[in-house]
Amino acid sequence: RQKDFIIDPFEIFEAMHLLNEVFSDPQILKVLHGADMDVIWLQRDFSVYLVNMFDTGLATRALKLAGGYGLANLVQHYCSVKLDKKYQTADWRQRPLPPDYIHYARLDTHYLLY
């Protein structure tokens, strides 16, 4: 992969349902980590439905990956990259997002398709 895309849901809040074109297409694999709450929020709040989704968090549990089931451990184990998780519990409501937040979001998804 050569590009990562960051989509600010606040910018497209009223049009989130348009993601169904991609998210509900069974020909397109969607890869998320620990997606249980994401699936609930997308369905409940935006009527967006995920079809053909792979959850790397569930995969780490099935594999009983040593060191835990978090994304940082998964990326460290398979990619030899240490993710900095300091913005995991930050206030993501602020706009514009600080550059450090955008960098964090990019790295938090970049390795999912490794």
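See above for the structure.
Keep in mind the model is a prediction, meaning the values are calculated, not measured.

1. Structural notes on the pattern of salt bridges
Under the criterion given, the structure shown has 5 salt bridges. Between Asp4 and Arg106 there is a salt bridge; the shortest N-O distance is 2.9 Å. Here Asp4, found in the segment before helix H1 (20-23), pairs with Arg106, found in helix H5 (residues 99-110); they are 102 residues apart in sequence, far enough to count as distant.

2. Regarding unusual backbone geometry
Here the bond from Arg95 into Pro96 is cis, since omega is -5°, no more than 30 degrees from zero. Locating Pro96 in the fold gives a position in the loop between helix H4 (71-79) and H5. Residue Ser47 is not a glycine yet carries a positive backbone phi of 55°. In this structure, Ser47 sits in the loop between helix H2 (36-46) and strand S2 (53-55). We classify Ser47 as partly exposed; its relative accessible area is 41%.

3. Considering the nonpolar core
Residues Val31, Leu65, Leu71, Leu74, Val75, Cys79, Leu83 and Leu112 constitute the largest nonpolar core, which totals 8 residues. Sorting elements by how many residues they give to this core places H4 first, with 4 residues. Sequence-distant contacts of Leu65, that is, excluding residues within four places in its chain, are made with Thr60, Asn73, Leu74, His77 and Tyr78. In terms of nonpolar packing, the next biggest core, distinct from the first, is built from 7 residues, Leu32, Phe46, Val48 and Leu50 among them.

4. Some words on a nonpolar patch on the surface
On the surface, Met37, Ile40 and Trp41 cluster together to form a nonpolar patch covering roughly 270 Å² of accessible area. Mapping Ile40 onto the fold places it in helix H2. Judged by its relative accessible area of 40%, Ile40 is partly exposed.

Each value, and the rule that gives it
Residues numbered from 1 in each chain as written. Predicted model: local features only at pLDDT ≥ 70, side-chain atom pairs only at ≥ 80, totals over all residues. Heavy atoms only, no water. Salt bridge = Lys/Arg side-chain N within 4 Å of Asp/Glu carboxyl O. Helix = DSSP H or I, 4+ residues; strand = E, 2+ residues; numbered from the N terminus. Buried < 20%, exposed > 50% of the residue type's maximum accessible area, 1.4 Å probe, protein only. Core = buried A, V, L, I, M, F, W, Y, C linked by side-chain atoms within 4.5 Å. Contact = heavy atoms within 4.5 Å. Patch = residues over 30% accessible without salt bridge, like charges linked within 9 Å, V, L, I, M, F, W, Y side chains within 5 Å. Areas by Shrake-Rupley, 256 points an atom, 1.4 Å probe, with all protein chains shown as cover.

What is shown is where atoms sit, not what they do.
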